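What follows is each chain in one-letter form.
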Amino acid sequence: MPSPTPDLDACGSSLGLLFRQVRDALRDAMERELAANGHDLTLSQYITLKKLHFGTASASELAQAAELNPGAMTRLLDRLESAGLLQREAHPSDRRALRIVLTARGRAIWPELEACAERVRERALAELDAGQRIELVRMLEHVHANLTGNERKP
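All figures in this text were calculated on a predicted structure; none of them were measured in a lab.

Asker: Even after reading the chapter, I still don't get the pattern of salt bridges, so can you show me in this structure?
Answerer: If charged atoms from side chains of opposite charge come close, those side chains can pair. For the structure on display, the rule yields 14 salt bridges. In this structure, the salt-bridge partner of glutamate 33 is arginine 123, at a minimum N-O distance of 3.6 Å. Of the two residues, glutamate 33 sits in helix H1 (residues 11–36) while arginine 123 sits in helix H5 (residues 104–124), which places them 90 residues apart along the sequence. Using a relative accessible area of 48% as the deciding quantity, one classes arginine 123 as partly exposed. One salt bridge in this structure joins glutamate 122 and arginine 133, with 2.9 Å as the shortest N-O distance. Of this pair, glutamate 122 sits in helix H5 while arginine 133 sits in helix H6 (residues 130–148); the two residues are 11 residues apart in sequence, bridging distant segments of the chain. Judged by relative accessible area, glutamate 122 falls into the partly exposed class, the value being 36%. Assessed through its relative accessible area of 22%, arginine 133 is described here as partly exposed. Residues participating in the shared-partner salt-bridge network are Arg20, Asp24, Arg27 and Asp28.

This is the structure in structure tokens:
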């Protein structure tokens, strides 16, 4: 039996709902995967650690990446710092600014966190071949660019 085709006339409301459902399901799956592997982290905390894995960042850069307001990011950073996963350091050239970096413990658990994310990605994309995965990302980037006015990459 073929899978039902979406009602294109209803895309206006159902498309937004579907995007939200997928986003929520990904967040929930990631948080369950992290918890099942002994990591008491939220998706926003994971995103913060991921950004720091690739280098230092300011609190405002981290807030933007995790889609949090500055106050919520400060509380998140406090929790991750209390857990020994990151630390705040004075910026070498700006006494008013702080750099946020992973601690040795944060760097040590990163491979486990990334493995959790990879399992969730694979579960989300199960039964899609490489071409379909590429096309899905391309189409989502296209929709995002249409809605934000950003140019699409060729």
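Moving on, there is more to tell.
Asker: What is the right way to look at the packing of aromatic side chains in this model?
Answerer: When we look at a pair of aromatic rings, we describe it by the centre distance and by the angle of the planes. Counted by the stated rule, this structure contains 1 aromatic pair. On the basis of an interplanar angle of 15° and a centroid distance of 5.6 Å, the ring pair of tyrosine 46 and tryptophan 110 is categorised as stacked. Here tryptophan 110 lies in helix H5 and tyrosine 46 lies in helix H2 (residues 43–53), a separation of 64 residues in the sequence. In this structure, tyrosine 46 and tryptophan 110 share a single accessibility class: buried.

Asker: I would appreciate a short explanation of the packing of H2 against helix H3 (residues 59–66) in the present structure.
Answerer: The geometry of a pair of packed helices is captured by two quantities: the angle between their axes and the separation between those axes. One can describe the packing of H2 onto H3 by two numbers: an axis separation of 9 Å at closest approach and a directional angle of 130°. One way to sum up the angle between H2 and H3 is to call them oblique. The two elements H2 and H3 cross, and the hand of that crossing is right-handed. The residues of H3 that touch H2, namely those facing Ser44, Ile47, Thr48, Lys51 and Leu52, are Glu61, Leu62, Ala65 and Ala66.

Asker: Mind showing me how you'd approach a nonpolar patch on the surface here?
Answerer: On the surface, Leu15, Phe19, Leu136, Met139 and Leu140 cluster together to form a nonpolar patch covering roughly 390 Å² of accessible area. If you list the elements that add at least two residues to the nonpolar patch, you get H1 and H6. The topology assignment puts leucine 140 in helix H6.

Asker: Would you mind going over the nonpolar core with me for this structure?
Answerer: General note: in soluble globular proteins, nonpolar side chains tend to be found buried as a group. Membership of the largest hydrophobic core comes to 25 residues, with the highest contact counts inside it found for Leu49 and Leu113. For this core, the elements supplying multiple residues, two or more each, are H1, H2, H3, helix H4 (70–82), strand S2 (98–102) and H5. For this core, the element with the most residues is H5, which contributes 6 residues. Not counting residues within four places of it along the chain, the set of residues in contact with leucine 113 comprises Met30, Leu34, His39, Leu41, Tyr46 and Leu49.

Asker: I tried to follow H3 on my own but got confused; where do I start?
Answerer: All buried positions along H3 are accounted for by Leu62, Ala63 and Ala66. Down the axis of H3, the smallest arc covering the buried residues is 100°, so these residues share one side. What points out from H3, more than 90 degrees from its buried face, is the exposed set Ser60 and Gln64. One or two positions beyond H3, positive phi appears at glutamate 67, with a value near 55°.

What counts, and at which threshold
- Residues numbered from 1 in each chain as written.
- Predicted model: local features only at pLDDT ≥ 70, side-chain atom pairs only at ≥ 80, totals over all residues.
- Heavy atoms only, no water.
- Salt bridge = Lys/Arg side-chain N within 4 Å of Asp/Glu carboxyl O.
- Helix = DSSP H or I, 4+ residues; strand = E, 2+ residues; numbered from the N terminus.
- Buried < 20%, exposed > 50% of the residue type's maximum accessible area, 1.4 Å probe, protein only.
- Phe/Tyr/Trp six-rings, centres within 6.5 Å; stacked < 30°, edge-to-face > 60°.
- Axes fitted to C-alpha atoms, helices over the stretch in contact; angles between N-to-C directions.
- Parallel < 35°, antiparallel > 145°, perpendicular 65-115°, else oblique.
- Left-handed = near helix turned anticlockwise from the far one by under 90°.
- Contact = heavy atoms within 4.5 Å.
- Patch = residues over 30% accessible without salt bridge, like charges linked within 9 Å, V, L, I, M, F, W, Y side chains within 5 Å.
- Areas by Shrake-Rupley, 256 points an atom, 1.4 Å probe, with all protein chains shown as cover.
- Core = buried A, V, L, I, M, F, W, Y, C linked by side-chain atoms within 4.5 Å.
- Arc of directions from axis to C-beta.

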